[in-house]
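Coordinate inspection notes
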There are 2 protein chains.
Amino acid sequence: MKYGYFDDSKREYVITDPKTPYPWINYLGNHDFYSLISNTAGGYSFFKDAKLRRITRYRYNNIPVDDGGKYFYIKDENTVWSPGWKPVRTPLDKYECRHGLGYTKITGAKDGLEAQITYTVPLGFWGEVQKVILKNTSEKLKKIQLFSFVEWCLWNAQDDQTNFQRNFNTGEVEIDGNVIFHKTEYRERRNHYAFYSVNAEIAGFDTDKESFLGLYNGFDTPDAVLAGKATNSEAHGWSPIASHCLEVTLKPGDEKEYVFILGYVENKEEEKFVAPKVINKSRTNAMIRKFPDGKSVDLALAELQDYWSKLLSVYRLHSDDEKLNRMVNIWNPYQCMITYNFSRSASFFESGIGRGMGFRDSNQDLIGFVHMAPDRAKERIIDIASTQFEDGGAYHQYQPLTKRGNHEIGGNFNDDPLWLILSVSEYIKETGDWAILDVEVPFDNNEQNSASLFEHLKRSFYHVVSNKGAHHLPLIGRADWNDCLNLNCFSTNPDESFQTTENKEGGKAESVFIAGMFVLYGREFVKICRHKGLQEEAGLALQEIESMELAVIAHGWDGEWYLRAYDHFGRKVGTHENKGAQIFIEAQGFCSMAEIGLKKATRKKH
Amino acid sequence: MKYGYFDDSKREYVITDPKTPYPWINYLGNHDFYSLISNTAGGYSFFKDAKLRRITRYRYNNIPVDDGGKYFYIKDENTVWSPGWKPVRTPLDKYECRHGLGYTKITGAKDGLEAQITYTVPLGFWGEVQKVILKNTSEKLKKIQLFSFVEWCLWNAQDDQTNFQRNFNTGEVEIDGNVIFHKTEYRERRNHYAFYSVNAEIAGFDTDKESFLGLYNGFDTPDAVLAGKATNSEAHGWSPIASHCLEVTLKPGDEKEYVFILGYVENKEEEKFVAPKVINKSRTNAMIRKFPDGKSVDLALAELQDYWSKLLSVYRLHSDDEKLNRMVNIWNPYQCMITYNFSRSASFFESGIGRGMGFRDSNQDLIGFVHMAPDRAKERIIDIASTQFEDGGAYHQYQPLTKRGNHEIGGNFNDDPLWLILSVSEYIKETGDWAILDVEVPFDNNEQNSASLFEHLKRSFYHVVSNKGAHHLPLIGRADWNDCLNLNCFSTNPDESFQTTENKEGGKAESVFIAGMFVLYGREFVKICRHKGLQEEAGLALQEIESMELAVIAHGWDGEWYLRAYDHFGRKVGTHENKGAQIFIEAQGFCSMAEIGLKKATRKKH
């Protein structure tokens, strides 16, 4: 491999050239605190919600790419370098990045000094821990300066990058020994702050971006680093950052270890301050005490290792194909858990501010991890179902922090409700936990208005039945799985978003894909009814399924393949009669899995 | 001066050190096409609306500051430099930036080569023209490469920086000789594109950001420039840019001149294409033909000079104070016109995407330029008044492109309506154009529902009368002039914006400032009524003004100064009884100008 290789024994991907074709990233964190980190230490952290609780600032689509992250700078005589190559980009004598399960280890070496940084979010910990090891591999005494660096986001990631007339006036920090606190708006209306600590004496600090970097410098040439001396700046407004400066002396062969913590703290309203303007640091102190040294971090890493071993042991494949084993036993399940954790709400392309968790996505993703984490799958199912409307429809997205539906996007994506039947039936298949069907679940998060989860599934099912079009096929609403298929809500106005454009009045477009889905997952609903002894309910549902099959056969079959849809004007989409776009894959897959027309076809053959 | 000086004879501000304490910017353009440009050529362009028609991309709050703009790169042997110092930041032998009225001239010199670039937006022209002069001041033959650079914005500036999963797939360009077209979404639902041309043969071009810069390089070290050779890249998605590469040979003493045009074109739906996929370039060609050479640009600059001379000649001060003359005769009126043009909708701090034109701001700004441009003031008044509600209330902002009220922010800023009385009365005082009062003006842009402008003023006046609180003072609504004084719509939820938070149910806070304003501008309304012969109307209005005066005297006077307000709970704001914030300036200024209590005070003295 040109850029790296898999190390299966350690379950790591090892990158050996920092200049990958695009940043290659890892996702740290499993429950509340999350970090995205690239192979050159670019990226950002957030607490639960990538929009509303962004902890460090990140500039997407930046020049250079992925500029900004959790950086360390080393000043060794007249040379300045970073262990992850970026942001300084001084050529290194050695570079390696190991993306592991829940941690990333970056090693760089230059002129007889080796620096290794392990970034991880320990289990149940509201923070990112960075273990730094510096080793003098030369024959000479080394006196160097080590600088840490993070740039705070002013909490709301969208506001942070647009509303400068306000933001540039709000930044607030507090410095207490070797701990730097970011407390913007904590006094006014926030019950949370962040901190960045190190377990060693510091020679200085910086909290003001311009003082540290210099107005006209990039991340690659901070004034303070070039000077080998922090300016002890205290930010008031503008762009608060946190940087520690450590003076490190290493004899030949010496090794020193440091622990940095980037933490997030919430305090109750009445516990916010211990004295006027002095914030309550007890939770911070407890977090810092947890990781006094490298050994304690190693323990947390071992715990994380165990955690993943347990998850990955649920389903193991032993084949002769190394690549297949690797895929099935490590990286696919890891990917599925990460997708569960983040639900596609943040990446280096998804800016984390335009959407929450998808109703459709979250139900789908769930089937990839339900066998590994059934409890969390159950929790997710209840969260999702709680945003459903009384009529069975659903918000297309919901906010991970508030767990409420996203009003900006709204609903009317008519495939959405059916995915809930899929996730629940898959959950039951993996766990045998039929009792989930009896859990009381609110509609639209209104606790005063709730029904059993079974009732939610029924509403999902009948939402399709109650929303059929001229060909007795399901109305597509704003879109089905294919979000680009805006058959009712096309727009010629470039100033409106496709995603928030509502249907044309009385949108008439129908989806053959949803029809296939209805038949396929409807049968799961029937099985559930039968298991509950609701034979009549099952029979009624089966009738609906059968009429849907007939509708597809009558109006959704093009002769050799399934149509895709009818548009708002009743025109066929995905037919041989068209010049282009004659066949769409979604309808073929789902109608085939639903075996629509199979009986008829089988009859024909005989 | 440390960084520069005023050149009054040329009406220019001259910057002699590129490292100003913050970028010092100029605003180019007067009607439709606008550019913001810093002293190092950073900045961006847009057409009418900084959010919806952003032409070039700009990253706010960037590192380094103000990175991104209309850059030129010169490769002279092994040295790469930029005439504006940035982005390359190679030390220059000479640097000068002249911010003039509607143009900016940047000169840099290095190793016997001088480069001068004049950036301007000619009158009535939908584009920015850049005249480049290269001069060999050395004794040697010079063979250099000149690279131009702009980065396209994908039109909607907000979407452009957030919605990457869509945007990275949409970018489209077309290259035709020495003209580079940016035509993203032109095929689908836009009737506009942009282009970047040069009036000379090119050795190559680039339209893909990554190909030109290199993934891991900043603006300071583009791969193509370092190599001295364009890659002729054609962008498909990602980040389209436009860069020309010219091979230039200059004998000692030689001078060469180039004209680059960054243009914006709109075509009618039926004229968009001349052949499948081939866009209609006739308007582009006409624009390019207008500026075949440097002389034609000089003519446009002379026209611009005349235009400004005429505007500035309306009001001239001749005093012995050089600084006062400079302020009154050049820079204040220039600033006022710019403020008219941009209405504070875009700057290096206002990202141009969070707001449109302010109702309050636009009425206020108008009084600064009405004597220079009465026709445009009239147009602006009608535009503003057209967004007013039937009950006299107003949208707080409106979109410059659509000229419609901004629903996201909404209304209920209760000072807003009164500012319309100010602007109209000032307009009439300057012009004597009483006829403006009879112009039919819609409410909420509904042409079916309109009334005379006079009727709008009356509704403004009575909007205050109909919205009084417990102390007979005007209800403040969401805020008055002081947008931080959220007395009804305070928020403890950090996830909601102060600006879009609505009033508490039945918001009861009252504003003494609006009371002063009502008395002050209400008297202007009375004068207008009298001039129209509406004596009864005038009398009724006067009664309202008098009761307002009485209310202020009774409830708005703290004994030694005017109160500022009553909050939602009926508590006084701005009183000696408070621990802090005992006196606010706004109420003092306006109640004094309105002479509230003057009679009483005068009586006392005698």
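Residues numbered from 1 in each chain as written. Chains lettered and ligands numbered in written order. Predicted model: local features only at pLDDT ≥ 70, side-chain atom pairs only at ≥ 80, totals over all residues. Heavy atoms only, no water.

1. Some details on the overall build of chain A
Our working definition: Comment: elements are numbered from the N terminus, with helices defined as DSSP H or I runs of at least four residues and strands as E runs of at least two. Only C-alpha atoms enter the radius of gyration; for comparison, a globular chain is expected to reach 2.2 Å times N to the power 0.38, where N is the number of residues. Type-normalised accessible area, obtained with a 1.4 Å probe on protein chains alone, sets the label of each residue: buried when under 20%, exposed when over 50%, and partly exposed for intermediate values. By definition in these notes, contact holds between two residues if any of their heavy atoms fall within 4.5 Å. Reported accessibility uses the Shrake-Rupley method at a 1.4 Å probe radius. Residues are deemed covered only where the shown protein chains occlude them. For this count, His and the chain ends are skipped, Lys and Arg are scored as positive, and Asp and Glu as negative. Where a charge sits is defined by one atom per residue type, namely NZ (Lys), CZ (Arg), CG (Asp) or CD (Glu).
A tally of helices and strands in chain A yields 15 helices and 28 strands. At 28 Å, chain A has a C-alpha radius of gyration in line with the 25 Å of a compact globule built from 606 residues. Taken over the C-alpha atoms alone, chain A extends approximately 85 × 60 × 50 Å along its principal axes. Within chain A, buried positions represent 62% of all 606 residues. In chain A, of all internal contacts separated by at least 6 residues, the share reaching a separation of at least 24 is 67%. As displayed, chain A has an accessible area near 24100 Å², and 50% of this comes from carbon and sulfur atoms. For chain A, the separation between the mean place of its 72 positive charges and that of its 84 negative charges on side chains is 2 Å.

2. Describing the packing of aromatic side chains
What describes a pair of aromatic rings is the distance from one ring centre to the other and the angle between the planes of the rings. What counts here: Geometry of aromatic contacts follows a simple scheme: Phe, Tyr and Trp rings, the Trp one being its six-membered ring, pair when their centres are within 6.5 Å, and the pair is stacked under 30 degrees between planes, edge-to-face over 60, tilted otherwise. Any Lys NZ or Arg CZ found within 6 Å of a ring centre and within 35 degrees of that ring's normal is scored as a charge over the ring.
The full count for this structure, using the stated rule, is 102 aromatic pairs over all chains. Every member of this aromatic cluster is reached through a ring pair, and the members are A:Y22, A:Y34, A:Y44, A:F46, A:Y58, A:Y60, A:F348, A:F349, B:F164, B:F168 and B:W238. For the cation-ring pair, A:K532 lies above A:F454, with the distance from its terminal atom to the ring centre recorded as 5.4 Å.

3. Quick word on the sheet that holds strand β2 (residues 12-15) of chain A
Residues and elements named next belong to chain A. Stated formally: The rule for pairing is simple: two strands pair if DSSP sees at least two bridges between them. Axes here refer to lines fitted to C-alpha atoms; in helices the fit is confined to the stretch in contact. Angles between the N-to-C directions go from 0 to 180 degrees.
With antiparallel pairing, the 10 strands of this open sheet are ordered in space as β1-β2-β9-β10-β11-β12-β19-β16-β15-β14. Either end of the sheet is taken by a strand with one partner, and the two such strands are β1 (4-7) and β14 (173-176). This sheet shows a mean twist of 15 degrees between the axes of neighbouring strands, independent of strand direction. Judged from the 4 bridges that link them, β14 and strand β15 (residues 179-182) form a sheet pairing that is antiparallel. Its bridge partner being in β15, E174 is matched across the sheet by F181.

4. A short note on the interface of chain A and chain B
Going by this rule: Accessible-area loss on putting two parts together, using a 1.4 Å probe and summing over both, is the definition of buried area adopted here. A pair is scored as a salt bridge if a Lys or Arg side-chain nitrogen falls within 4 Å of a carboxyl oxygen belonging to Asp or Glu. Polar contact is the term for a pair of N or O atoms within 3.5 Å; when the atoms are in protein, one must be able to donate a hydrogen and the other to accept it, and sequence-neighboring residues count only if both atoms are side-chain atoms. Classes in brief: Ala, Val, Leu, Ile, Met, Phe, Trp, Tyr, Cys and Pro nonpolar; Asp, Glu, Lys and Arg charged; the others, Gly included, polar.
Contacts between the two partners involve 52 residues from chain A and, on the opposite side, 52 residues from chain B. The three residues of chain A that bury the most area against chain B are A:I63, A:R189 and A:Y216, which together make up 21% of that side's buried surface. With its nearest N and O atoms 2.7 Å apart, the salt bridge here joins A:D495 to B:R53. Taken together, chain A and chain B are joined by 21 residue pairs in polar contact (both at pLDDT 80 or more). For the side of chain A that touches chain B, the secondary-structure elements that each account for two or more residues are α2 (164-167) and α3 (209-213) of chain A. The residue inventory of the side of chain A that touches chain B, partitioned by class, reads 22 nonpolar, 14 polar and 16 charged.

5. As for the sheet that holds strand β16 (residues 192-198) of chain B
Residue and element names in this part refer to chain B. The 10 strands lie next to each other as β1-β2-β9-β10-β11-β12-β19-β16-β15-β14, forming an open sheet whose pairing is antiparallel. Edge positions in the open sheet fall to β1 (4-7) and β14 (173-176), since each of these has one partner strand only. Averaged over all pairs of adjacent strands, the angle between their axes in this sheet comes to 15 degrees, without regard to strand direction. Where strand β15 (residues 179-182) meets β16, 4 bridges bridge the pair, whose relative direction is antiparallel. In the strand pairing of β16, V179 is matched with S197.

6. Some remarks on the relation of the copies chain A and chain B
The test is simple: Residues below a pLDDT of 70 in either copy are left out; the C-alpha atoms of the rest, at least 70 in both, set the least-squares superposition of the copies.
When chain A is fitted to chain B, the best match, at an RMSD of 0.1 Å, comes from turning it 180 degrees and sliding it 0.1 Å along the axis. The transformation just described matches what one would write down for a two-fold rotation axis. Comparing interface residues between copies, 100% of those in chain A also lie at the interface in chain B; the contact surface is shared.

7. Notes on the pattern of salt bridges
Going through the model one piece at a time under the given rule, you end up with 83 salt bridges over all chains. Linking B:R326 and B:D8 is a salt bridge whose minimum nitrogen-to-oxygen distance equals 2.9 Å. Placement of the pair is B:R326 in helix α7 (residues 322-342) and B:D8 in the loop between β1 and β2 (12-15), with a sequence separation of 318 residues. What makes B:D8 partly exposed here is its relative accessible area of 28%. Among the ionic contacts, a cluster of salt bridges with common partners joins A:D7, A:E12, A:E96 and A:R98.

8. Some points on the environment of A:G358
Residue and element names in this part refer to chain A. Structurally, G358 is set in strand β22 (residues 357-358). C-alpha of G358 to C-alpha of D416: the two residues are 58 residues apart in sequence and 9.2 Å apart in space. The residues contacting G358, other than those within four sequence positions of it, are S343, H396 and Q397.

9. Regarding the domain arrangement of chain A
Interfaces are often described in size by the accessible area the parts lose on coming together. Quick reminder of the rule: Where each domain begins and ends follows an automated or database-derived domain assignment.
Domain annotation of chain A identifies domain 1 (4-310) and domain 2 (468-606). On a C-alpha basis, the centres of domain 1 of chain A and domain 2 of chain A stand 50 Å from each other.

10. A look at the nonpolar core
Our working rule: Here, the term nonpolar core denotes a set of buried Ala, Val, Leu, Ile, Met, Phe, Trp, Tyr and Cys residues that are joined through side-chain atoms within 4.5 Å.
Judged by nonpolar contacts, the single largest core of 146 residues is most densely connected at A:L134, A:L146 and A:Y258. Top contributing element to this core by residue count: helix α12 (residues 512-531) of chain A, with 13 residues. Formed by 144 residues, the second largest nonpolar core is a distinct cluster that contains B:Y196, B:L312, B:F359 and B:A394.

11. Comments concerning a positive patch on the surface
To be explicit about the condition: Patch construction takes residues with relative accessible area above 30% that form no salt bridge. Like charges are linked within 9 Å, and nonpolar side chains (Val, Leu, Ile, Met, Phe, Trp, Tyr) are linked within 5 Å.
Together, A:K599, A:K600, A:R603 and A:K604 make up a region of like positive charge exposed at the surface. You can see A:R603 is positioned in helix α15 (residues 598-605).

12. Things to note about the pairing of β15(A)
Burial along β15(A) is two-sided: the face carrying A:V179 and A:F181 and the face carrying A:I180 and A:H182 are both buried. From the end of β14(A) to the start of β15(A), which pair antiparallel, there are 2 residues, and A:G177 there has a positive phi angle of about 65 degrees.

13. Thoughts on helix α13 (residues 535-555) of chain A
Note the cut-off: Multiply 1.5 Å by the residue count of a helix minus one, and that product is the helix's expected span.
Over its 21 residues, α13(A) runs 30 Å from end to end, which matches the ideal 30 Å to within 8%, given 1.5 Å per residue. Buried residues in α13(A) make contact with α11 (453-465), α12 and α14 (585-593) of chain A.

14. Section: the state of the cysteines
Residue and element names in this part refer to chain A. This is how it is decided: By disulfide we mean two sulfur atoms from cysteines, separated by a distance within 2.5 Å.
Summed over all chains, the structure comprises 0 disulfides over all chains. Unpaired in this structure, C591 has its nearest cysteine sulfur neighbour in C484, at a distance of 20 Å. Residue classification places C591 among the buried positions, given a relative accessible area of 0%.

15. Considerations on the environment of B:V526
Residue and element names in this part refer to chain B. By the element assignment, V526 lies in helix α12 (residues 512-531). Here V526 falls in the buried class, since its relative accessible area comes to 3%. Those residues within four positions of V526 in sequence are excluded, and the remaining contacts are A538, A541, L542 and I545.

16. Remarks on the packing of helix α10 (residues 416-431) of chain B against α12(B)
Residue and element names in this part refer to chain B. Heads up, the condition is: An angle below 35 degrees is treated as roughly parallel, one above 145 as roughly antiparallel, one from 65 to 115 as roughly perpendicular, and anything else as oblique. We call a crossing left-handed when the near helix sits turned anticlockwise from the far one by less than a right angle, and right-handed when that turn is clockwise.
Here α10 crosses α12 at 40 degrees, and the two axes come no closer than 9 Å. Relative to α12, the element α10 lies oblique. The chirality of how α10 crosses α12 is left-handed. Contact with α10, carried on its side by L418, W419, I421, L422, S425 and K429, involves F513, I514, M517, F518, Y521, E524, F525 and I528 of α12 and no other residues of that element. Of the residues contributing to the contact of α10 with α12, the split by class is 11 nonpolar, 1 polar and 2 charged.

17. What about the packing of helix α8 (residues 359-369) of chain B against helix α9 (residues 374-385) of chain B?
Residue and element names in this part refer to chain B. Relative orientation of the contacting elements α8 and α9 amounts to 165 degrees, with a least axis distance of 10 Å. The angle between the axes of α8 and α9 places the two elements in the roughly antiparallel class. Classified by chirality, the crossing of α9 by α8 is left-handed. Between α8, through F359, S362, N363, L366 and F369, and α9, the contact on the second element is made entirely by R376, A377, R380, I381 and I384. Residues belonging to the contact of α8 with α9 are distributed by class as follows: 6 nonpolar, 2 polar and 2 charged.

18. Side note on helix α8 (residues 359-366) of chain A
For α8(A), a buried count of 8 out of 8 residues is recorded, marking the element as mostly surrounded by other parts of the structure. Of all the residues in α8(A), the buried ones are A:F359, A:R360, A:D361, A:S362, A:N363, A:Q364, A:D365 and A:L366.

19. What about the side chain of B:N341?
All names here are of chain B. With respect to the element layout, N341 can be found in helix α7. Since its relative accessible area comes to 6%, N341 is described here as buried. Within the local environment of N341, its side chain forms a polar contact with the side chain of N30, the two groups lying 3.4 Å apart. Excluding residues that lie within four positions of it along the chain, N341 makes contacts with G29, N30, Y34 and R376.

20. Considering the pairing of strand β12 (residues 127-136) of chain A
Each regular strand displays side chains that alternate between the two surfaces of the sheet. All names here are of chain A. Counting buried positions along β12 gives 9 out of 10 residues, so the element sits mostly inside the fold. Both strand β11 (residues 113-120) and β12 contribute to a ladder of 8 bridges, which runs antiparallel. Bridging from a neighbouring strand, T120 pairs with V129 of β12. Relative to strand β19 (residues 255-266), β12 runs antiparallel, the two sharing 9 bridges. Bridge pairing in β19 places Q130 opposite F260.

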